[in-house]
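As a plain string of letters, each chain reads:
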Amino acid sequence: MPLQLFNTLTRRLESFKPLKDKKVGLYACGPTVYDYAHIGNLRSYIIWDILHRTLEYNGYKVKHVMNITDVGHLTSNADEGEDKIEKGAAREHKSAWEIADFYTKAFMKNMAELNIHKPDVICRATGHIKEQIKLIKKLEKKGFTYINAEGVYFDTSKLPDYGELAGLKNQDLRSGIRVAIGGKRHNADFALWKFSPKLKKRQMEWNSPWGVGFPGWHIECSAMSAKYLGLPFDIHCGGIDHIPVHHTNEIAQTEAAEGVVPARYWVHNEFLNMGEEKMAKSAGNFITLDTLKEKNISPLAYRFFILQTHYRKQLTFSWMALEAAQNGLDHLCLAAASLDKKSSLSMHSVEIEEKIKEKFLKAISDDMDTPAALAIVWEAVKEKKISQKILFEFDKVLGLKIKENMDKPVQSIPISARALIDERDTARAAKNWKKSDELRDELIKLGYTVMDTPKGTKITKN
Ligand code: AMP
Ligand code: ZN
C-alpha cells in the first residue's frame, strides 16, 4: 500500500506520489525565536520528524527545509502589534539579534534531545531579505500589491481562489474577509513589507524600494521554500493554526507571483492542549522540555507520549499521562533487552517477523498512524515475536533510541505501583480517606515510602 497522507488542500486522504521519482521536498514552518519553545510547539516538530522518517522508511530520499522566524512575526497574526523578537529583546534587555540567536540555539538543543533529525536546510528570515524583496517586487509588477501608511500590502481581492486552503470558497465566508479594516482595503489583506515606525528606531530593519522597514511574516516562507526546494515541491507542513492565515497567505503569494500553488500536499497537526485550551506562549499556560526534565520525565518519554496519539487528534497534557509514558518507554526498553539479537533461522519465526514488518509498515504508512504502530511493536516485543534487529529497524521510524537505552537501569516506578498511586489520587480527590489509607498501606507493603504532595502521591523505594 502506498503512503497515505491527509491533504488539507483537498480534505481527503491521498496516496502520496512525489513529483520526482524517489525524491521528496519537505518544508516545515519553523519556530519564532523570541522565547523557549513549549512542548506544544515541540509536538509539531516530533510529528514532522516522524513524517521525514516514514518517507525514508518507504524508500524516499528527503530534502527537509525548516525556516527560523527571527523577524516580522507580530504579536497579532493580523499584522498588528509589536514584533515578537523586538519585544523579547526589550523583556530581556538584550539585542534583537542576541535574542534570536539564543532561542534558536535553545530550540536546536530541544530538537536534539527529542532525537529529531536536523533538517537538511535551516534558513533564517533575516538571512534572506534580498529574496523576499525580489518576490514582493514581482507581486507589485503583477498588480497584487498596494501601499498605505503601514507598508506594502497584498490585495487578496485580486486572487479569485484566495482562502481555498481554509475552505473559504463559500461566498458568505469570503464576503466576511472583504471588509476593510484600518489602512487595509480588505480585512484579509496582509503585509508584505512593513515600514519602520517614524518615531522609534528598530534594531532589525533594511532598505527597500518602498522605504526602510522589515518583511511581513508570510513572505519568508514563500521566498525560502522556493529557493531551496523549487516550485512546486511535495509537502508543506505546520500546525493547524497556520491553515487560515499563514499558509493561506503563503499560497496566495506564490500563486500570484509564480502561477502555482507551492506544495502538492499540505499536512497539519492538531494541538497539544492544556485543560480545555491550546497550549500557547501568549496564554501563558505553557510548559517547556526543561520543566519535564525537572520532573524526571525524559524528552524521549515525551516523544513516546506524542506518538501514542494520532497527529490529527487533539491531545491533552497531564502529568499522569506523562508518567505513564515514561513507564511505558522504560518497560519497552527493558523488554527489548531480553529479545534475541538476530532473527532465528527457523522458517516459522522468519515468517512471523515478515508479517509483523508488513503490519508495521502498513500502520505507519496509513497517514502516520503512530498509536497503531506502537501497539504492534509492544505486542511483538512482549511476546518475543521479533528480534532486536527488527525492533531497531522499527525504531528508525519511531526514533525512541531503544538500543541506546536498553541496558540502562529502569528509573521509573513499576506499573503495579503506578496503578495504586493513580487509584489513591482518585480516592483522595473524592475525599475517600479510608480507601486512600488502604492504598497507602499497600504501597508500604511493596517497600515504598509514601508522601502526599500538592501534585498527588509521591513514592520512593526504601
Ligand atoms: P511558533 O513558534 O509560534 O511560530 O510555532 C511553531 C509551531 O508550533 C507552529 O507550526 C505552530 O502551528 C505549532 N504550535 C503552536 N502551538 C501549538 C500547540 N499547542 N500544539 C501543537 N502545535 C503548536
Ligand atoms: Zn511558514
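Everything below is about the structure printed above this text.
What counts as what
- Residues numbered from 1 in each chain as written.
- Chains lettered and ligands numbered in written order.
- Predicted model: local features only at pLDDT ≥ 70, side-chain atom pairs only at ≥ 80, totals over all residues.
- Heavy atoms only, no water.
- Pairing = 2+ DSSP bridges.
- Helix = DSSP H or I, 4+ residues; strand = E, 2+ residues; numbered from the N terminus.
- Buried < 20%, exposed > 50% of the residue type's maximum accessible area, 1.4 Å probe, protein only.
- Contact = heavy atoms within 4.5 Å.
- Near = heavy atom within 4 Å.
- Polar contact = N/O pair within 3.5 Å; in protein donor to acceptor, adjacent residues only side chain to side chain.
- Areas by Shrake-Rupley, 256 points an atom, 1.4 Å probe, with all protein chains shown as cover.
- Nonpolar A, V, L, I, M, F, W, Y, C, P; charged D, E, K, R; others polar.
- Salt bridge = Lys/Arg side-chain N within 4 Å of Asp/Glu carboxyl O.
- Expected span 1.5 Å × (residues − 1).

Caption draft 1: Expanded view of the pairing of strand E1 (residues 4-7). Inspection of the sheet shows E1 paired to strand E2 (residues 12-15) by four bridges, in the antiparallel sense. Paired with Asn7 across the strands is Arg12, a residue of E2. Between the end of E1 and the start of E2, which pair antiparallel, lie four residues, with Arg11 showing a positive phi angle near 60 degrees.

Caption draft 2: Structural context of the side chain of Ser387. Examined against the element boundaries, Ser387 turns out to sit in the loop between helix H12 (370-382) and helix H13 (388-398). Ser387 sits in the buried class, given a relative accessible area of 1%. When residues no more than four places from it in sequence are discounted, the contact partners of Ser387 are Leu339, Asp340, Lys341, Lys342, Ser343 and Glu353.

Caption draft 3: Molecular detail of the sheet that holds strand E16 (residues 315-316). If you trace the three strands from one edge of the open sheet to the other, you get E15-E14-E16, paired in mixed fashion. At either margin of the open sheet sits one strand with a lone partner, and together these are strand E15 (277-278) and E16. Sheet topology note: the strand E14 (residues 272-274)/E16 ladder contains two bridges and is parallel. Looking at the pairing, Asn273 lines up with Thr316 of E16.

Caption draft 4: Inspection of the site of ligand 1 at higher detail. Not every one of the 18 residues close to ligand 1 is listed here, only the nearest: Thr32, Gly40, Asp241, Leu272 and Met279. For ligand 1, a nitrogen atom lies 3.1 Å from a polar atom in the backbone of Gly40. For ligand 1, the protein covers 94% of the area, taking 500 Å² as the surface of the free molecule. In terms of residue class, the shell around ligand 1 is built from five nonpolar, nine polar and four charged.

Caption draft 5: How the structure looks around the pattern of salt bridges. Counted by the stated rule, this structure contains 30 salt bridges. For the salt bridge of Glu354 with Lys357, the shortest nitrogen-to-oxygen distance reads 3.7 Å. Pair noted here: Glu354 and Lys357 are both in helix H11 (residues 347-365), with a separation of three residues, about one helical turn. Under the relative-accessibility criterion, Lys357 is labelled partly exposed at 23%. Salt-bridge contacts for Asp441 lead to Arg440; the nearest nitrogen and oxygen are separated by 3.5 Å. Look at the salt bridges and you will find they share partners, linking Asp35, Arg91, Glu92 and Lys94 into a network.

Caption draft 6: Molecular detail of helix H10 (residues 319-337). Compared with an ideal rise of 1.5 Å per residue, which puts 19 residues at 27 Å, H10 spans 27 Å between its outermost C-alpha atoms and is within 8% of the ideal. Every buried residue belonging to H10 is among Leu322, Ala325, Gln326, Asn327, Leu329, Asp330, Leu332, Cys333, Ala335 and Ala336, and all of these are buried.

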